[in-house]
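Listed below, chain by chain, are the residues.
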Amino acid sequence: MNAGSPIWKGGLAHTDVKSGEDFTVGRDATYDLMLYRYEVLSLIAYHLALKDTGLIGDGLSDRTVKALRQVYGEEPRSLGGAEDVHTLVENMVSSIDAECGAVLRTLLSRNEQVHTDLRLFFVDHLLSASLVAADACIRVMGTRGEDGDMPGYTHYRQAMPVKFSTYMDYVSRTLLSISERSLALADMLSECPLGYGSGFGSLSPVDRGSLAGMLCMRPGSENPLHMASLRGLDEIQVLDLVKDAFISMSRIAQDLIMWSSEEIGILRLPDDFVTGSSLMPNKRNPDFLEMVQGYASMVTSMAFGASADLLSKSTGYHRDFQVPKWHAMEALLLLERAIPLFGDLISRVQFDPQRARELVLNSTHATSYASSLVLGGMPWKEAYRSVGSMLAGGKRIPESPAPAFRPLDGHEVSSHRDMVSKKIEERKRRLSGLLGNV
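Residues numbered from 1 in each chain as written. Predicted model: local features only at pLDDT ≥ 70, side-chain atom pairs only at ≥ 80, totals over all residues. Heavy atoms only, no water.

## Quick word on the nonpolar core
Within the largest apolar cluster, 116 residues are counted, with the highest numbers of intra-cluster contacts made by Phe-122 and Phe-246. The leading source of residues in this core is helix α7 (residues 110–141), at 15 residues. In contact with Phe-246, not counting residues within four places along its chain, are Val-292, Tyr-295, Ala-296, Val-299, Leu-334, Leu-335 and Ala-338. Residues Ala-366, Tyr-369, Ala-370 and Ile-397 belong to the second largest nonpolar core, which totals eight residues. (Core = buried A, V, L, I, M, F, W, Y, C linked by side-chain atoms within 4.5 Å. Buried < 20%, exposed > 50% of the residue type's maximum accessible area, 1.4 Å probe, protein only. Helix = DSSP H or I, 4+ residues; strand = E, 2+ residues; numbered from the N terminus. Contact = heavy atoms within 4.5 Å.)

In structure tokens form, the structure reads like this:
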């Protein structure tokens, strides 16, 4: 089989000339290469399970697994003219042993195959995102700097005082939430799609439980239509997680951009996270934080686009599902890159407690003073009106420090981080077992 021959050659769509093929393949030429090792691993697991059925004979099964293990170690830099990663791997196996290439996809559909590859990719990178988010959380928690009261804002107006340590704990909890959600989604996507064929049931006699176990997964739904219908929804769930994470980071970024401005000046950003101007030597621009916001907009549009792609589609596979595939893979990789950098920046922000205290307006203490009146026995409405009258009359409000809250438990976060790390190592160990001797 030459590099340009599709694996469906010989079927009703038999012509060797396909107009618009490059347009149809699109960015698969880039993203399918990221699925290469997962494609090979899933095929190794499939043929080990297929061997137990005796369908193609032990000798040919062993040769096929051996050829797959051989191509696993290669690092193709392109699809080499192939339509997709499935064709690429089949071509590579066929170049080693043509008979193995001919049986490589016995009773397999590309639909279940790419869904499996994607889930393996998503699980690996979700676990990685969970780990780096936990590490960033721990790093921010370990920040040792000055504390003090600062203005808390709603509607971009001063509301109540808040401690800087409370704000930093909020950032830590945000990072921990990203880690926990990534871990939960990795577990949700650990059901193995292999076994639904093209969405109407597999004709393969392999044991789905054994096959899933070799890939560190669980068997998927018994209903093939249901399992196949999750393709596309998987990408939406990944994009929603990344979107929510970036939205949270973008809001924190906006706080830091405002608070590090010359007008407010309660924070100083690390020098290595700001840039200058080609004309104005006085500038310290928060470009990294602005790019966090730009990427947040980008992944939000990707998430909405993926939902629009599936909207009102009939049950079953459609070729344009590859578009949300590209976006989900790109967004997840972007999140992995962004989190460690974001955590590094936050952990090295310099807080100026004196400037922050100067910025807290006397009126910002109004709510805490009204609350103290209530705790002293005054009805709430009366206390509210009383404080309002004081403010209207230009009287100063008695001031009190912002309350302190119990921060995250460092031991619990470290235990969570260690658990994620162990999951990753165990997964690597089990998957590497597929590459052992025949």
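## Overview of a nonpolar patch on the surface
On the surface, a nonpolar cluster with roughly 310 Å² of combined accessible area is contributed by Leu-55, Leu-107 and Leu-203. By the element assignment, Leu-203 lies in the loop between β3 (191–192) and α9 (208–214). (Patch = residues over 30% accessible without salt bridge, like charges linked within 9 Å, V, L, I, M, F, W, Y side chains within 5 Å. Areas by Shrake-Rupley, 256 points an atom, 1.4 Å probe, with all protein chains shown as cover. Salt bridge = Lys/Arg side-chain N within 4 Å of Asp/Glu carboxyl O.)

## Examining unusual backbone geometry
Phi at His-155 takes a positive value of approximately 55°, unusual for a residue other than glycine. On the secondary structure map, His-155 appears in the loop between β1 (149–154) and β2 (157–163). The backbone of Tyr-156 sits at a positive phi, close to 60°, despite the residue not being glycine. Note that Tyr-156 resides in the loop between β1 and β2.

## Looking at the packing of aromatic side chains
Counting across every chain of the model gives eight aromatic pairs. Taking 6.1 Å as the distance between ring centres and 70° as the angle between the ring planes, the aromatic pair formed by Phe-121 and Phe-122 counts as edge-to-face. Residue classification places Phe-121 among the buried residues on the basis of a relative accessible area of 2%. Phe-122 gets classed as buried once you look at its relative accessible area, which sits at 0%. Aromatic side chains Tyr-167 and Tyr-170 sit 5.3 Å apart centroid to centroid with 70° between the ring planes, which places their arrangement in the edge-to-face category. Placement of the pair is Tyr-167 and Tyr-170 together in helix α8 (residues 164–188), with a separation of three residues, close to one helical turn. Classification of Tyr-167 by relative accessible area gives buried; the value is 9%. Through pairs of rings, three or more aromatic residues link up here, namely Tyr-38, Phe-121 and Phe-122. Looking at Arg-37, its charged tip hangs above the ring of Tyr-72, at a distance of 4.8 Å from the centre. (Phe/Tyr/Trp six-rings, centres within 6.5 Å; stacked < 30°, edge-to-face > 60°. Lys NZ or Arg CZ within 6 Å of the ring centre and 35° of its normal.)

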